[in-house]
Amino acid sequence: MRASMSLELLNDGTKKAKVTPRIFHRYLCVILSILLFNSALPASCFSATPNNKSNWKAINEVLPPDYYRQVYINDNCDDNNAETKQSIPWDVGGPQPCVKNEARTGIFANKSVLDCGCGMGENAQFLAGNVGRAGSVTGFDISPDAIRRANDKKTEESLLSPSQADHIGFRVASCTALNESFSSKETFDIAVDSACLHCLSDEDAILYANSLKDLVTERLFVGCFSTANGSEGWTNPRRLGREDLERYFASEFWDIRRIEDVWWARPSARGSNQGGFCHGLWMEAVRTNN
């Protein structure tokens, strides 16, 4: 009754409304209820974390393989939809700047290139335009849905001519079982690992690095998140240091030529305080004759 009476007084131009303690208390309860409701919503409502049915938990900054198998599954998948793009935590809508910088040197011309953990094929499609008629690009990913979408985009993207599209292929493969998807006679001049290695556990990374030596004949590029990123609030993937890359690849099979500090592109909603970027490392290694 007091609430309605106060509203009547408010609408009456001859009298001044009076806010009683009871009305004030009711409004305060409403505001607090709204705030508590919003704080109870899952983080996926506000972040770029995929809205999946399962709650994925990273252990030592490593998510299980099944996460990467299903992350591309989206009932309302639309590559032109900004919300869909944000649902895939690493999709920046194009090739990584580090890959583009290497391409400017002409290093990929007339080479067969392996794109490791290719996702929907952004790097692979870009590289297909840089290898020339004598070159080729093969991308692999653990997710069948990512490979399906990469194959679909191969014929849809205007940046590839029909002849370039003929020089690019995709297949489903796991980093830890490459021998099951590639024959012993298959080799590639250059391999590009653009943020794949840091998704693996230390044990799997060692296995993966050992497998690459059997597939790559000339050169390897690896890009990963760096330990220069602070640990506070960081859940996944792994942040690697120079010593990690050296431990994986400095051997009789690889000659590490350089490891550089770089800015790694990320979707703007998941970037650092620098925007859509975070600290990364970029390594170039040359295959020895061993």
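This text follows the structure it describes.
Reference entry: report on the structure contained in this document.

What counts, and where the lines are drawn
Residues numbered from 1 in each chain as written. Predicted model: local features only at pLDDT ≥ 70, side-chain atom pairs only at ≥ 80, totals over all residues. Heavy atoms only, no water. Disulfide = S-S within 2.5 Å. Buried < 20%, exposed > 50% of the residue type's maximum accessible area, 1.4 Å probe, protein only. Helix = DSSP H or I, 4+ residues; strand = E, 2+ residues; numbered from the N terminus. Lys, Arg positive; Asp, Glu negative; His and termini not counted. Salt bridge = Lys/Arg side-chain N within 4 Å of Asp/Glu carboxyl O. Polar contact = N/O pair within 3.5 Å; in protein donor to acceptor, adjacent residues only side chain to side chain. Contact = heavy atoms within 4.5 Å. Core = buried A, V, L, I, M, F, W, Y, C linked by side-chain atoms within 4.5 Å.

**Here's the deal with the state of the cysteines**
By the definition in use, this model includes zero disulfides. Cys-196 supplies the cysteine sulfur nearest to Cys-116, a cysteine that is in no disulfide, at a spacing of 6.4 Å. The class of Cys-116 is buried, set by a relative accessible area of 0%. Here Cys-175 stays free of any disulfide, with the sulfur of Cys-196 as its closest cysteine sulfur at 3.3 Å.

**Overview of the side chain of Arg-287**
Tracing the backbone shows Arg-287 in strand β7 (residues 277-287). It is Asp-214 that comes nearest to the buried, bridge-free Arg-287 among opposite-charge side chains, at 5.2 Å. A distance of 3.0 Å separates the side chain of Arg-287 from the backbone oxygen of Lys-213, its partner in a polar contact. Sequence-distant contacts of Arg-287, defined by excluding residues within four places in its chain, comprise Lys-213, Val-216, Thr-217, Glu-218, Phe-253 and Trp-254.

**A word on the nonpolar core**
By size, the foremost hydrophobic cluster in this structure holds 30 residues, and its most contacted members are Phe-140, Leu-197, Tyr-208 and Phe-249. Take this core: its biggest share by element is five residues, from helix α9 (residues 202-215). Aside from chain neighbours lying at most four places away, what touches Phe-249 is Leu-197, Ala-209, Leu-212, Leu-220, Val-222, Trp-254, Ile-256 and Met-283.

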